[in-house]
Amino acid sequence: MSAIFKRSRPDRGLDYVHYLGDGDSKAFSAVQNSAPYQVDKMECCGHVQKRMGKRLMDRVSSLKGSVFTDAKGKKVKGIGGAGKLTQKATKRIQGHYGGAIRNNAGNLASMKKAIWAIWKHRGDDHRDCLEWCASKQGKPVKNVLPKFVVDAIKPVFEALTKDDLLKKCLHGGSQNPNESFHHLIWERCPKTVFVGRRRLELGFFDAVLVFNGGESERLKVLKNLNINPGHHAIKFAFGVDTNRIKRSVYGGDLDHIASRRNKSASVAPDDNNYCAGGF
Ligand SMILES: [Zn+2]
């Protein structure tokens, strides 16, 4: 990758202004060292969002043995578990944190305020809450946390609302489109199989074609090669595209977003090697 940044100016007369990273600082410093011009780092909002969940869980485990006093004067051990910060609540806070970043793209002050509103809401202070809060709908608020828990997680919010970090998230974007494009290339040229340059190039061109215009774009290539696609080829290509659009509309439907979120909150991560937000 550093080669791409190094040659962009002499070969193409082009400067890359932004670098969208996933928190892997080694890759960015390599780019910084090789580019003959200034490159600004941006963070992938999806990866930053995961830091919230990771740091809250870390806080729970580091305070496991600590003793707190609850509102009734009773001694309580740790901040995790039922009646305190559950895993489900951690996931929800993480999701709201990501939402606060994405919904306030381009506005640092309102982004910060929206993130602190999540913390205040858990401490039963609903002045900065928006319509998502039950108190604004005239309903009782069920997810308020005990004061000692709210106090214990404040440092996590302080760290994750720092200007330096949020400024890199102002673009509101993630690496998801990149990753989905990479997936199309890997699908054609698997990492585990050696492919020659010709196949790699063809696979790459085909991936660009399908990523930008869908399966039906391939039909145009065939036509330009003077090959007339048959009835079944046309039916197949448009069928795949229509299904993909249908799925994305269905996937963006609010009910289905909520059900996916509940599902992911109830399933414990089983991948021990990958540590989301662990950088
Ligand atoms: Zn509220």
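Along each chain, residue indices are assigned from 1 in the same order as the chain's sequence is written. In view of the model being predicted, local features appear only for residues whose pLDDT reaches at least 70, and side-chain atom pairs are presented and counted only at 80 or more, with totals across whole chains, interfaces and linings using the full set of residues. Note that the side-chain values use all heavy atoms of the structure and ignore hydrogens as well as water.

Per an unreviewed UniProt entry, the protein goes by the name Mutator-like transposase domain-containing protein and belongs to Capitella teleta.

Enquirer: How should the domain arrangement of the protein be read in this particular structure?
Expert: Note on interface size: it is often stated as the accessible area lost on association of the parts. Annotation comment: domain bounds sourced from an automatic or database domain assignment. Looking at the protein, the domain boundaries give domain 1 (2-43), domain 2 (51-167) and domain 3 (176-266). Here the C-alpha centroids of domain 2 and domain 3 sit 38 Å apart.

Enquirer: Before we go on, may I ask you to explain a nonpolar patch on the surface in this structure?
Expert: In this analysis, a patch consists of residues with relative accessible area above 30% that form no salt bridge, clustered at 9 Å for like charges and at 5 Å for the nonpolar side chains Val, Leu, Ile, Met, Phe, Trp and Tyr. The Shrake-Rupley method, run with a 1.4 Å probe sphere, supplies the accessible areas, and residue values consider only the shown protein chains as cover. Each salt bridge in this description consists of a side-chain nitrogen of Lys or Arg and a carboxyl oxygen of Asp or Glu lying within 4 Å of one another. Together, Met1, Ile4, Leu14 and Tyr16 make up a nonpolar patch on the protein surface, roughly 350 Å² of accessible area in all. Numbering of helices and strands runs from the N terminus, with a helix taken as a DSSP run of H or I at least four residues long and a strand as a DSSP run of E at least two residues long. Looking at the element boundaries, tyrosine 16 is found in the loop between helix H1 (2-12) and strand E1 (18-21).

Enquirer: Looking at this structure, I do not really get the coordination of the zinc ion. What am I missing?
Expert: Geometry sets the ideal angles at a metal, namely 109.5 degrees for four tetrahedral donors and 90 or 180 degrees for six octahedral donors. Of the protein atoms, only His121 (ND1), His126 (ND1), Cys129 (SG) and Cys133 (SG) coordinate the zinc ion, at distances of 2.0 to 2.3 Å. The donor set covers N, O and S atoms within 2.8 Å of the metal, switching to 3.2 Å for Na, K and Ca, and it leaves out water, so a site may look short of donors. Under this scheme a four-donor centre is tetrahedral when all angles range from 85 to 135 degrees, a four-donor centre is square planar and a six-donor centre octahedral when opposite donors are above 155 degrees with the rest from 65 to 115, and any other centre is irregular. Considering all four donor atoms around the zinc ion, the spread of angles at the metal, 100 to 117°, places the coordination shape in the tetrahedral class. Mapping the donors of the zinc ion onto the primary sequence gives the spacing H-x4-H-x2-C-x3-C. In terms of burial, histidine 126 and cysteine 133 fall into one category: buried. Residue exposure (1.4 Å probe, protein chains only): buried if accessible area is under 20% of the type maximum, exposed if over 50%, otherwise partly exposed.

Enquirer: Is there a simple way to think about the side chain of glutamine 49 in this case?
Expert: For glutamine 49, the position within the fold is in helix H3 (residues 45-62). Reaching out from glutamine 49, the side chain makes a polar contact with the side chain of arginine 102 at a distance of 3.2 Å. Only heavy atoms matter for contacts: two residues are in contact if any of them lie within 4.5 Å across the pair. Aside from chain neighbours lying at most four places away, what touches glutamine 49 is Gln94, Gly95, Tyr97, Gly98 and Arg102. Each polar contact in these results corresponds to two N or O atoms within 3.5 Å; when the atoms are within protein, one needs to be able to donate a hydrogen and the other to accept it, and residues that are neighboring in sequence are counted only if both atoms are side-chain atoms.

Enquirer: Would you mind showing me how to read the packing of aromatic side chains here?
Expert: Aromatic ring pairs are reported here in terms of the distance separating the ring centres and the angle at which the planes meet. Note on ring pairs: Phe, Tyr and Trp rings are taken, using the six-membered ring of Trp, and paired if centres are within 6.5 Å. Classes follow the plane angle, with under 30 degrees stacked, over 60 edge-to-face and the rest tilted. With the rule as written, the count across this model stands at nine aromatic pairs. Seen from their ring centres, phenylalanine 5 and tyrosine 19 are 6.3 Å apart, and the 55° between their planes marks the pair as tilted. Of this pair, phenylalanine 5 sits in helix H1 while tyrosine 19 sits in strand E1; the two residues are 14 residues apart in sequence, bridging distant segments of the chain. With respect to burial, phenylalanine 5 and tyrosine 19 carry one shared label: buried.

Enquirer: Just checking my understanding: could you explain the nonpolar core for this structure?
Expert: The nonpolar side chains of soluble globular proteins are, as a tendency, buried together. In this description, a nonpolar core means a group of buried Ala, Val, Leu, Ile, Met, Phe, Trp, Tyr and Cys residues linked to one another through side-chain atoms lying within 4.5 Å. Counting residues in each nonpolar core, the largest one holds 32 residues, and the members touching the most others are Ile79, Leu85, Tyr97 and Phe157. Counting residues per element, the ones that place at least two in this core are H3, helix H4 (87-103), helix H5 (108-122), helix H6 (147-159) and helix H7 (163-167). Per-element accounting of this core gives the leading share, seven residues, to H6. Of all hydrophobic cores here, the second largest spans seven residues; its members include Phe5, Phe28, Val31 and Val39.

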